[in-house]
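Now for the letters of each chain:
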Amino acid sequence: MLAWGANGSGQATVAAGLAAVTAVAAGTDHNLALKADGTVAAWGDNSYGQATMPAGINAAAQVAASEKHSLVLLADGTLLFLVGDKRTQYSRTTPSESV
């Protein structure tokens, strides 16, 4: 995988060995890569916790990134909203703060 452009927060510095990437999401200063095995790699600015993936994500289906947050949609329909120390998980029916 290759990245280029501004690199003030490391957003264009892709981790060596990152492979089997099926989708990429670019935030303002951070990036997410969805891997074929359902895991997510993140790099770049982490000022708001947007590049810190919770342990155990291995069933991701889609990723999205914005300026200060990241979203991970799991295969079961659960949506993870990642920003700062507030990690919110929304299931199909009820939200919880358990992530």
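Here, every reference points to the structure presented above.
Novice: Sorry if this is basic, but what is going on with the pairing of strand S4 (residues 60–65) here?
Specialist: Every regular strand shows the same layout, with side chains that alternate between the two sheet faces. Sheet topology note: the S4/strand S5 (residues 70–74) ladder contains five bridges and is antiparallel. The residue bridging Val 63 from the neighbouring strand is Val 72, located in S5. Counting the residues between successive antiparallel strands, the hairpin from S4 to S5 contains four residues.

Novice: In this structure, what is going on with the sheet that holds strand S1 (residues 21–26)? I would like to understand it.
Specialist: Whenever strands of a sheet pair, they do so through backbone hydrogen bonds, lying parallel or antiparallel. Sheet architecture is open: three strands sit in the order S1-S2-S3, paired in antiparallel fashion. Each end of this open sheet is capped by a strand with a single partner; those strands are S1 and strand S3 (40–44). Averaged over all adjacent pairs, the angle separating strand axes in this sheet is 20 degrees, with direction ignored. With five bridges joining them, S1 and strand S2 (residues 30–35) adopt antiparallel strand pairing. For Ala 23, the partnering residue across the bridge sits in S2 and is Leu 34.

Novice: Which parts of the structure should I look at to understand the environment of Val 72?
Specialist: Assignment of secondary structure puts Val 72 in strand S5. Each C-alpha atom of the pair Val 72 and Ile 57 lies 9.1 Å from the other, and the pair is 15 residues apart in sequence. What Val 72 contacts, discounting residues up to four positions off in sequence, is Val 40, Met 53, Ile 57, Ala 60, Gln 62, Val 63, Thr 78, Leu 79, Leu 80 and Leu 82.

Novice: Please clarify how the environment of Ala 19 should be interpreted in this entry.
Specialist: Relative to the elements of secondary structure, Ala 19 occurs in the segment before S1. According to the relative accessible area criterion, Ala 19 is partly exposed, its value standing at 43%. In the structure, Ala 19 is positioned 17 residues away from Ala 36 in sequence and 8.8 Å away in space, judged by C-alpha atoms.

Novice: What is the right way to look at the nonpolar core in this model?
Specialist: Note on soluble globular proteins: their nonpolar side chains tend to be buried together. Core analysis: the largest hydrophobic core is formed by twelve residues, namely Ala 25, Leu 32, Leu 34, Val 40, Met 53, Ile 57, Ala 60, Val 63, Val 72, Leu 74, Leu 80 and Leu 82. Of all the secondary structure elements, the ones that give two or more residues to this core are S2, S4, S5 and strand S6 (79–83). Membership of the second largest hydrophobic core comes to five residues, among which are Leu 18, Ala 33, Ala 41 and Trp 43.

About the thresholds
- Residues numbered from 1 in each chain as written.
- Predicted model: local features only at pLDDT ≥ 70, side-chain atom pairs only at ≥ 80, totals over all residues.
- Heavy atoms only, no water.
- Pairing = 2+ DSSP bridges.
- Helix = DSSP H or I, 4+ residues; strand = E, 2+ residues; numbered from the N terminus.
- Axes fitted to C-alpha atoms, helices over the stretch in contact; angles between N-to-C directions.
- Contact = heavy atoms within 4.5 Å.
- Buried < 20%, exposed > 50% of the residue type's maximum accessible area, 1.4 Å probe, protein only.
- Core = buried A, V, L, I, M, F, W, Y, C linked by side-chain atoms within 4.5 Å.

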